[in-house]
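Summary of the model geometry
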Amino acid sequence: MLCEQCNSPMEPEEEREFGGRKLCEDCYIDALSPAKTCDPWATYTASRLDTQELNPAQEVILKLIAQQGHATLAELMKATGLDEAALMREIAALRHMELIRGAMMPGGGRAFKLFKDQG
Ligand SMILES: [Zn+2]
């Protein structure tokens, strides 16, 4: 007989029932643990999150912006100890990850805000 999920042949004693379907043991285990799925979108999302691990400088940048609501380039250089070129690389990475965005300050001048902060 065949598993109704993956169509692989299975012995009658391997048969498991889940949601009214007859499944092989592998598919039954998969059905019981929906987090472990072969959904390409879930895999994509998970791998995308994996690549979003922040380095220490990026964490300092995010923390300062979260604390102050915004931060200028000068403030971020002071907080991270990076020079402008190195800092801009980290900022570019954070913007690419949609964690921060550039913003104009009411008094003029550029600053950075959290991406989700639309104020
Ligand atoms: Zn199966």
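See the structure above.
Read on for a plain summary of the structure.

Thresholds applied
Residues numbered from 1 in each chain as written. Predicted model: local features only at pLDDT ≥ 70, side-chain atom pairs only at ≥ 80, totals over all residues. Heavy atoms only, no water. Helix = DSSP H or I, 4+ residues; strand = E, 2+ residues; numbered from the N terminus. Buried < 20%, exposed > 50% of the residue type's maximum accessible area, 1.4 Å probe, protein only. Contact = heavy atoms within 4.5 Å. Areas by Shrake-Rupley, 256 points an atom, 1.4 Å probe, with all protein chains shown as cover. Donors = N, O, S within 2.8 Å, 3.2 Å for Na, K, Ca; no water. Tetrahedral: all angles 85-135°; square planar, octahedral: opposite > 155°, others 65-115°.

Let us look at the overall build of the chain. A count of helical and extended segments in the chain gives five helices and four strands. Going from the N terminus to the C terminus, the chain shows its helices and strands as β-β-α-α-α-α-α-β-β. Each of the 119 residues in the chain was classed as buried or not, and the buried ones make up 25%. Put simply, 28% of the contacts in the chain that link residues at least 6 apart link residues at least 24 apart. A total of about 8,200 Å² of accessible surface is found on the chain, and carbon and sulfur atoms cover 56% of it.

The coordination sphere of the zinc ion contains the protein donors Cys 3 (SG), Cys 6 (SG), Cys 24 (SG) and Cys 27 (SG), at a distance range of 2.2 to 2.4 Å. Taken together, the four donor atoms coordinating the zinc ion and their angles of 106 to 116° define a geometry best described as tetrahedral. The motif formed by the donor residues of the zinc ion, counted along the single chain, is C-x2-C-x17-C-x2-C. Within this pair, whereas Cys 3 is found in the segment before β1 (16-18), its partner Cys 24 is found in the loop between β2 (21-23) and α1 (25-32), the two being separated by 21 residues in sequence. What makes Cys 3 buried here is its relative accessible area of 0%.

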